[in-house]
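# Examination of the molecular architecture
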Amino acid sequence: AQSVTQPDIHITVSEGASLELRCNYSYGATPYLFWYVQSPGQGLQLLLKYFSGDTLVQGIKGFEAEFKRSQSSFNLRKPSVHWSDAAEYFCAVGASSNFGNEKLTFGTGTRLTIIP
Amino acid sequence: DAGVIQSPRHEVTEMGQEVTLRCKPISGHDYLFWYRQTMMRGLELLIYFNNNVPIDDSGMPEDRFSAKMPNASFSTLKIQPSEPRDSAVYFCASSSSSWYGYTFGSGTRLTVV
């Protein structure tokens, strides 16, 4: 069974600073990996996804993530954060045999706070 | 596209009452998922459907919970009788075989008092 670990429960970053949110996964084969963002009172919105190919994937809102098989990681990055990036971020893993449409397993989330 | 539509947005009910949550997936999506989000347990998959057929309901906490998908454009999650520990945000999400990743609804915040 797949699993996801987001080691950081809460991160505080100054506006304009760079950001990296950590995600480690456990899965026997090549996983399908996702990052979602949840603003207060809202549902989850897909930021980016990785299935195969280039290990550096670009997403919406200026985010990117890098798949590192050797480290079982899929960390999310942004070079310069904006106050509007304050939200909860979830990493998720799906079984590659089902194209990621079945049973996505989510991490516990990282809450991002932005300070002026 | 209006996205995944859930109703109601908020529900407050008394313990023992029946609660029905509703979801309209994105037209053309053939997968539908029900998740529950709590502070203690995070996001838990309750059940999912493919082409209106339940595929995996192993996440449904107990017999008080039931879900149906009578057609491709509608699904319900019912709790009967409700208990305070059912208080959570319930999300519906849909997806397509030809597109990888879920689209979530805005959720239903359920409070059982």
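Computed from a predicted model, the values in this text were never measured in an experiment.

Cut-offs used in this document
- Residues numbered from 1 in each chain as written.
- Chains lettered and ligands numbered in written order.
- Predicted model: local features only at pLDDT ≥ 70, side-chain atom pairs only at ≥ 80, totals over all residues.
- Heavy atoms only, no water.
- Core = buried A, V, L, I, M, F, W, Y, C linked by side-chain atoms within 4.5 Å.
- Buried < 20%, exposed > 50% of the residue type's maximum accessible area, 1.4 Å probe, protein only.
- Helix = DSSP H or I, 4+ residues; strand = E, 2+ residues; numbered from the N terminus.
- Contact = heavy atoms within 4.5 Å.
- Buried area = accessible area lost by both parts, 1.4 Å probe.
- Salt bridge = Lys/Arg side-chain N within 4 Å of Asp/Glu carboxyl O.
- Polar contact = N/O pair within 3.5 Å; in protein donor to acceptor, adjacent residues only side chain to side chain.
- Nonpolar A, V, L, I, M, F, W, Y, C, P; charged D, E, K, R; others polar.
- Pairing = 2+ DSSP bridges.

## Focus: the nonpolar core
All names here are of chain A. Grouped together as the largest cluster of nonpolar side chains are 26 residues, with contacts concentrated most on Leu19, Trp35, Leu47, Leu48, Phe74, Leu76 and Tyr89. Breaking this core down by element, the ones donating at least two residues are β2 (10-14), β3 (19-21), β5 (32-38), β6 (44-50), β8 (64-68), β9 (73-78), β10 (87-94) and β12 (110-115). With four residues, β10 is the single largest residue contributor to this core. If we ignore the near neighbours within four places in the chain, the residues touching leucine 19 are Ile11, Val13, Phe63, Leu76, Arg77, Lys78, Val81 and Leu112.

## Topic: the interface of chain B and chain A
Accessible area lost upon the coming together of the parts serves often as the stated size of an interface. Tallying the contact residues gives 21 residues for chain B and 18 residues for chain A. Taken together, both faces of the contact between chain B and chain A bury some 1700 Å²; the carbon and sulfur share is 53%. Applying the counting rule to chain B against chain A returns zero salt bridges. Taken together, the links from chain B to chain A amount to five residue pairs in polar contact (both at pLDDT 80 or more). When residues of the side of chain B that touches chain A are traced back to their parent elements, those giving at least two are β4 (31-38), β5 (42-50), β9 (88-96) and β10 (99-104) of chain B. Here the side of chain B that touches chain A takes five residues from β10(B), the largest share from any one element. Among the residues making up the side of chain B that touches chain A, the classes are represented as eleven nonpolar, eight polar and two charged.

## Details of the pairing of β6(A)
Successive residues of a regular strand alternate their side chains across the two faces of the sheet. Residue and element names in this part refer to chain A. Burial within β6 is extensive, with five of its seven residues counted as buried. Two strands pair when backbone bridges link them, and β5 and β6 are joined in this way by six bridges, in the antiparallel orientation. Bridge pairing in β6 links tyrosine 36 to leucine 46. Hairpin connection between β5 and β6: a loop of five residues separates the two successive antiparallel strands, and glycine 41 in this loop has a positive phi of roughly 75°.

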